[in-house]
Amino acid sequence: MTTFDEREQAFEAKFKHDEELLFRIYVRRARLMGEWAAEHLGLTGDEAAAYAKEMVSEDLKEPGHQDILARIMADFTAKGVDISVHRVEKEMEHTLEVAREQVMTD
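Just so we're clear, the structure is a prediction, and the values are computed from it rather than from any experiment.

Reading guide: rules and limits
- Residues numbered from 1 in each chain as written.
- Predicted model: local features only at pLDDT ≥ 70, side-chain atom pairs only at ≥ 80, totals over all residues.
- Heavy atoms only, no water.
- Core = buried A, V, L, I, M, F, W, Y, C linked by side-chain atoms within 4.5 Å.
- Buried < 20%, exposed > 50% of the residue type's maximum accessible area, 1.4 Å probe, protein only.
- Helix = DSSP H or I, 4+ residues; strand = E, 2+ residues; numbered from the N terminus.
- Contact = heavy atoms within 4.5 Å.
- Expected span 1.5 Å × (residues − 1).
- Arc of directions from axis to C-beta.
- Salt bridge = Lys/Arg side-chain N within 4 Å of Asp/Glu carboxyl O.

Within the largest apolar cluster, 20 residues are counted, with the highest numbers of intra-cluster contacts made by Met33, Trp36, Tyr51, Ile68, Ile72, Phe76 and Val88. Sorting the residues of this core by element identifies α1 (3–40), α2 (45–59), α3 (66–79) and α4 (85–105) as the ones contributing at least two each. Dropping the residues within four chain positions of it, Val88 is found in contact with Met33, Trp36, Leu69, Ile72, Met73, Phe76 and Ile83. Leu21, Ile25, Leu96 and Val103 belong to the second-largest nonpolar core, a separate cluster that totals 6 residues.

Here α4 spans 30 Å end to end across 21 residues, near enough to the 30 Å set by a 1.5 Å rise per residue. Among all positions in α4, only Val88, Glu91, Met92, Thr95, Leu96, Ala99 and Val103 are buried. Buried residues of α4 fall within an arc of 155° about the axis and therefore sit on the same side. In this structure, α4 carries His86, Glu101, Met104 and Thr105 as exposed residues pointing more than 90 degrees from its buried face. Looking at the buried side of α4, the elements it contacts are α1 and α3.

What follows deals with the environment of Arg31. By the element assignment, Arg31 lies in helix α1. Residue Arg31 is classed as partly exposed on the basis of its relative accessible area of 30%. The spatial distance from the C-alpha of Arg31 to the C-alpha of Ala48 is 10 Å, given a sequence separation of 17 residues. Residue contacts for Arg31: discarding those within four places in its chain leaves Ala52, Val56 and Gln102.

What the rule picks out here adds up to 11 salt bridges. Note that Arg71 and Glu54 form a salt bridge whose closest N and O atoms lie 2.5 Å from each other. Here Arg71, found in helix α3, pairs with Glu54, found in helix α2; they are 17 residues apart in sequence, far enough to count as distant. Accessibility expressed as a relative area gives 35% for Glu54, which makes it partly exposed. Taking the shortest distance from any N to any O, the salt bridge between Arg71 and Glu58 comes out at 3.2 Å. Remark: Glu58 occurs in helix α2 and Arg71 occurs in helix α3; sequence separation between them is 13 residues. The exposure class of Arg71 is partly exposed, given its relative accessible area of 22%.

Below is the structure:
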C-alpha cells in the first residue's frame, strides 16, 4: 500500500468518525430539547420521556434544526405556552453545547 493510499484511508476514517460524532451530538441535542420542551408543556415521567424520543425522530426528518423548532413551537402554541421562537432558538444553542460536552466525555 502506498503512502497516498494510507493517507486517503486515514482521511476517510477521520471523516467517518467526525460524521458519527456529529450525528450523536445532534441526537443528544434533540433529546435534550425534548426534555426541556416537555417540562414547559407540563409533561412528566413516561410522557416526558416519550416526548423527548419524539424529538429525536422529528430531527431525523429533515436536515437542520428547523423541524424540531417547528414542532416545539406548534406544541407550545397548541398548549398555550407563551415562549418566543427566539427563546427556543437560544435554548437550542445551549443544548447543542451541552450535547457536545456530553458526547465528547462519553
